[in-house]
Amino acid sequence: GADPPRAVVKFARAQDFCGLPLAWVGRMTSQHERLIYRALSGVGGVPRWLGALGESAYAIEYLDARPLDHHERPPAGFFDGARRILDAVHARGVAYCDANKRSNFLVGEDGRAHLIDFQIALRRRDDLPWPLRAISRAFVAYMQQRDVYHLYKHKRRMCPDQLTEEEDALSRRRGRLHRLHRAITKPYRTLRRRFLRKRHQAGKLVSPTAALEDHHQPEKATWRQDGP
């Protein structure tokens, strides 16, 4: 028969933290992504869901591709392909919510765009009673606008010569909620990076799969430093 597909296995959190049981978080996270992948089944550029592995782990299709942040400049047409993926995701009633990270966009060997990691994606909940249904629709629509903003922000910084006037305008459109979010999260992000840097320098922040990882991970450069 045909060879089985190559897979990526994701493990959601199952360990306790400071004595607090958090296995339920892992179960919820796994269930949430399963529902997102079900909603996006058949969307080109999104890896296929291959199945659950216990309560807090699951497998998705392996993509022969490299993160966008590993490239100084992606191939021509990459961002057009990424926009088509986001449009298809949005058409399914899903907001991606994590497009600010370049590493979530993958560049295939053929130059095509792919989108991964739907852990914090949001589904529009048309099954909710009013007014929750209206709130869900409005918030998901807002986050979909943020997806487009972040995509073109990446394009403006990486391929400014390919940016259209409309895309440039979209890459600079920050709403009030966006500015409020930045004001709230900036102090948290600073403290988080400081904490991670200290843990890493103390040798207490090592991935169990470190030997298998590509250590060129630019987005971690804000806190991770190589040891002596």
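No experiment lies behind these values; they were computed from the predicted model shown. (Residues numbered from 1 in each chain as written. Predicted model: local features only at pLDDT ≥ 70, side-chain atom pairs only at ≥ 80, totals over all residues. Heavy atoms only, no water.)

(A) Examining the packing of aromatic side chains more closely. A full pass over the atoms with the stated rule returns five aromatic pairs. Here the aromatic cluster, defined as three or more aromatic residues joined through ring pairs, consists of Tyr37, Trp49, Tyr58, Tyr96 and Phe118. Directly above the aromatic system of Tyr149 lies the positively charged group of Arg146, at a separation of 4.8 Å from the ring centroid. (Phe/Tyr/Trp six-rings, centres within 6.5 Å; stacked < 30°, edge-to-face > 60°. Lys NZ or Arg CZ within 6 Å of the ring centre and 35° of its normal.)

(B) Region of the structure containing the sheet that holds strand β4 (residues 65-67). An order of β4-β6-β7 is seen for the three strands of this open sheet, with the pairing classed as antiparallel. Strands with a single pairing partner mark the edges of an open sheet, and in this sheet they are β4 and β7 (113-115). Strand after strand, the sheet turns through a mean of 35 degrees between neighbouring axes, direction not considered. Contacting β6 (105-108) and β7, helix α2 (residues 78-91) runs over the sheet at an angle of about 35 degrees to β7. (Pairing = 2+ DSSP bridges. Helix = DSSP H or I, 4+ residues; strand = E, 2+ residues; numbered from the N terminus. Axes fitted to C-alpha atoms, helices over the stretch in contact; angles between N-to-C directions. Contact = heavy atoms within 4.5 Å.)

(C) Seen up close, the nonpolar core. Ranked by internal contacts, the top residues of the largest apolar core, which has 29 residues, are Leu40, Val46, Phe105, Leu115 and Phe118. Elements with a minimum of two residues in this core: α1 (23-39), β3 (57-61), α2, β6, β7 and α3 (132-158). Ranked by residues supplied to this core, first place goes to α2 with six residues. Those residues in contact with Phe105 that sit more than four places away from it in its chain are Arg66, Pro67, Leu68, Phe78, Ala82, Ala99, His114, Leu115, Leu151 and His154. Listed in part, the five residues of the second largest apolar core include Ala95, Cys97, Val140 and Met143. (Core = buried A, V, L, I, M, F, W, Y, C linked by side-chain atoms within 4.5 Å. Buried < 20%, exposed > 50% of the residue type's maximum accessible area, 1.4 Å probe, protein only.)

(D) Spotlight on a nonpolar patch on the surface. A cluster of nonpolar side chains, namely Val9, Phe11 and Leu53, defines an oily patch on the protein surface of about 320 Å² accessible area. Here Val9 is to be found in strand β1 (residues 7-11). (Patch = residues over 30% accessible without salt bridge, like charges linked within 9 Å, V, L, I, M, F, W, Y side chains within 5 Å. Areas by Shrake-Rupley, 256 points an atom, 1.4 Å probe, with all protein chains shown as cover. Salt bridge = Lys/Arg side-chain N within 4 Å of Asp/Glu carboxyl O.)

(E) Looking closely at α2. Under the 1.5 Å per step criterion, the end-to-end length of α2 is 20 Å for 14 residues, consistent within 8% with the ideal 20 Å. Among the residues of α2, Phe78, Phe79, Gly81, Ala82, Ile85, Leu86, Val89 and His90 are the ones counted as buried. Buried-residue contacts for α2 involve β5 (94-95), β6, β7 and α3. (Expected span 1.5 Å × (residues − 1).)

(F) The arrangement of the sheet that holds β1 in detail. If you walk across this open sheet you meet the three strands as β1-β3-β2, and the pairing is antiparallel. Bordering the open sheet on either side are β1 and β2 (49-52), each of which pairs with just one other strand. Between one strand axis and the next, the sheet turns by 20 degrees as a mean value, whatever way the strands run.

(G) How the structure looks around the pairing of β3. With respect to burial, β3 is a largely interior element, four of its five residues being buried. One ladder, built from five bridges, connects β1 with β3; its direction is antiparallel. Residue pairing across strands places Val8 opposite Ile60, the latter belonging to β3. Strand direction decides the pairing type here: β2 and β3, joined by three bridges, are antiparallel. Note on β3: the bridge partner recorded for Trp49 is Ile60. Where β2 folds back on β3, the antiparallel hairpin that results is connected by four residues, among which Gly54 adopts a positive phi of roughly 85 degrees.

(H) Structural view of α1. Helix length check: α1 (17 residues) gives 25 Å between terminal C-alpha atoms against 24 Å at 1.5 Å per residue, within 8%. Check the buried side of α1 and you find it contacts β1, β2, β3, β5 and β8 (122-123).

(I) Region of interest: the environment of Gln144. The residue Gln144 is located in helix α3 in this model. Between the alpha carbons of Gln144 and Cys97 there is a distance of 7.3 Å; along the sequence they are 47 residues apart. Once residues lying within four places of it in the same chain are set aside, the contact partners of Gln144 are His90, Gly93, Val94 and Ala95. There is a polar contact of 3.1 Å between the side chain of Gln144 and the backbone oxygen of Val94. (Polar contact = N/O pair within 3.5 Å; in protein donor to acceptor, adjacent residues only side chain to side chain.)

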